[in-house]
Amino acid sequence: MSKQREKIEVFEGQVLETALLSDDGGTVLCKAGTIMTPDLIRRLSNWVVRVEPGKKKQDEDETVPAARMNRDEILRRLEFEEIVSRKTRERAESSQGEFFDKVRAGQGGLSLDAIEDAVAAMVEETPDDPDVPVKLFEMKQHSSYMYQHCMECGVMGSFIATNLKYPHKDVMGFAMALMLHDVGILTVPDSVLTKKTALTAEEWALVRGHSERGFEALKKVPGMDPLALMTAMGHHVYADGSGYPESVDFNDLPPLVHLAVVINDFETLTAQHGPFRQAANLHDGVSILLRHRHRYHPTAIEQFVRVIGFYPISTFVELNTGETGVVVRNNPDNLFLPEIKMVLDPEGAEFKKEIIVNLFEDAERRITAVRSDL
Ligand SMILES: [Fe+2]
């Protein structure tokens, strides 16, 4: 009989520094870098035991009565930065729009020059400091959902790849690939894309074919990066075989395309500009991805959550104390316990002084809910 070893102490949100091995050391139960979710801790209960993270009490502070403010007002006052400036974003939107319009019109002679320059400016501005509170999405309404979806994915791709310390050349290629990934949708009539009732089998086949048609359209452009071609073809390919096109093998796709799949789904889930449904808040978007993590490459989903956090920056959270705060920084050692700026006391009054609470060190406060509205 093998000797039972002591259980390893873990806490929710911990990122494993080393792999967790079976008792005989022959099986990797969890790879290094795995995030300890409540579900995972339960499933590994023969090997790990859940503990509370470090504790440190935050000083109390006075509050002043104030009328409840709305979320936008608070976010404006918190001065979260745009990932890229308005001017640079408009330049990228304009070059992307021109490119897409030419594809839509079936024009030849497509050139990447303008869009490449715009993406270079975008990547140049992307902050590589994870402590900078950024707005993850621009809320401006664009006339075309697909144009804005690609734009948001491009900005998010630049942000994530930069923070994962990919070389500049790869960040450029990735941002560009995401800016162009849905170009094949231009071949689907608006009547199908905006249809409120169920699609027919033919219409659905038309939609699913956008990956291959996007690939074909981009292939005609001189100098197109192979990553952009593979992203157009592979951005709906899942590990469990539920995606499309079926001809593409998940295991043949490079790591950045796997990451593009995650970003594409996250943007779609949380898009404030989507035509069909209520957008999920950023935290719910991450939770949904994690619930379906079997669809994604494990490295890609881990990289994504590591940068964006379990409670993404700008998420409003309610605490067990009745207070409300907004996430301003993620704790790299525990994604479940971010740093928050206190916003409202239990009576809904605004805090007078700036109070930052690191939930990793504060044993009295715990997140109990995420607030979509204040
Ligand atoms: Fe797509």
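What counts as what
- Residues numbered from 1 in each chain as written.
- Predicted model: local features only at pLDDT ≥ 70, side-chain atom pairs only at ≥ 80, totals over all residues.
- Heavy atoms only, no water.
- Helix = DSSP H or I, 4+ residues; strand = E, 2+ residues; numbered from the N terminus.
- Pairing = 2+ DSSP bridges.
- Axes fitted to C-alpha atoms, helices over the stretch in contact; angles between N-to-C directions.
- Donors = N, O, S within 2.8 Å, 3.2 Å for Na, K, Ca; no water.
- Tetrahedral: all angles 85-135°; square planar, octahedral: opposite > 155°, others 65-115°.
- Buried < 20%, exposed > 50% of the residue type's maximum accessible area, 1.4 Å probe, protein only.

*Asks:* Lay out unusual backbone geometry with the relevant residues and their values.
*Replies:* In this model, Tyr 244 is joined to Pro 245 through a cis peptide bond whose omega is -5°. Tracing the backbone through its elements, the reader meets Pro 245 in the loop between helix 10 (226-234) and helix 11 (255-270). Phi at Ser 314 is positive, roughly 85°, even though this residue is not glycine. Counting through the fold element by element, Ser 314 comes out in the loop between helix 13 (298-308) and strand 7 (316-319).

*Asks:* Run through the sheet that holds strand 7, naming residues and quoting values.
*Replies:* An order of 10-9-8-7-11 is seen for the 5 strands of this open sheet, with the pairing classed as antiparallel. Pairing within the sheet leaves two strands with one partner each, and these edge strands are strand 10 (356-358) and strand 11 (367-371). Pairs of neighbouring strands in the sheet enclose a mean axial angle of 40°, with direction left out of account. With 6 bridges joining them, strand 8 (residues 324-331) and strand 9 (residues 334-344) adopt antiparallel strand pairing. When the sheet's bridge partners are listed, Thr 324 is paired in strand 9 with Leu 344.

*Asks:* Could you give an account of the coordination of the iron ion, naming the residues involved and the relevant values?
*Replies:* Ligation of the iron ion by protein atoms is provided by Asp 182 (OD), His 210 (NE2), His 235 (NE2) and His 236 (NE2), these donors lying 2.2 to 2.3 Å from the ion. One way to put it: the 4 donor atoms around the iron ion meet at angles of 84 to 174°, and that makes the site irregular. Read in sequence order, the donor residues for the iron ion give the motif D-x27-H-x24-H-H. Here His 236 lies in the loop between helix 10 and helix 11 and Asp 182 lies in the loop between helix 6 (168-180) and helix 7 (190-193), a separation of 54 residues in the sequence. When sorted by exposure, Asp 182 lands in the same class as His 236, which is buried.

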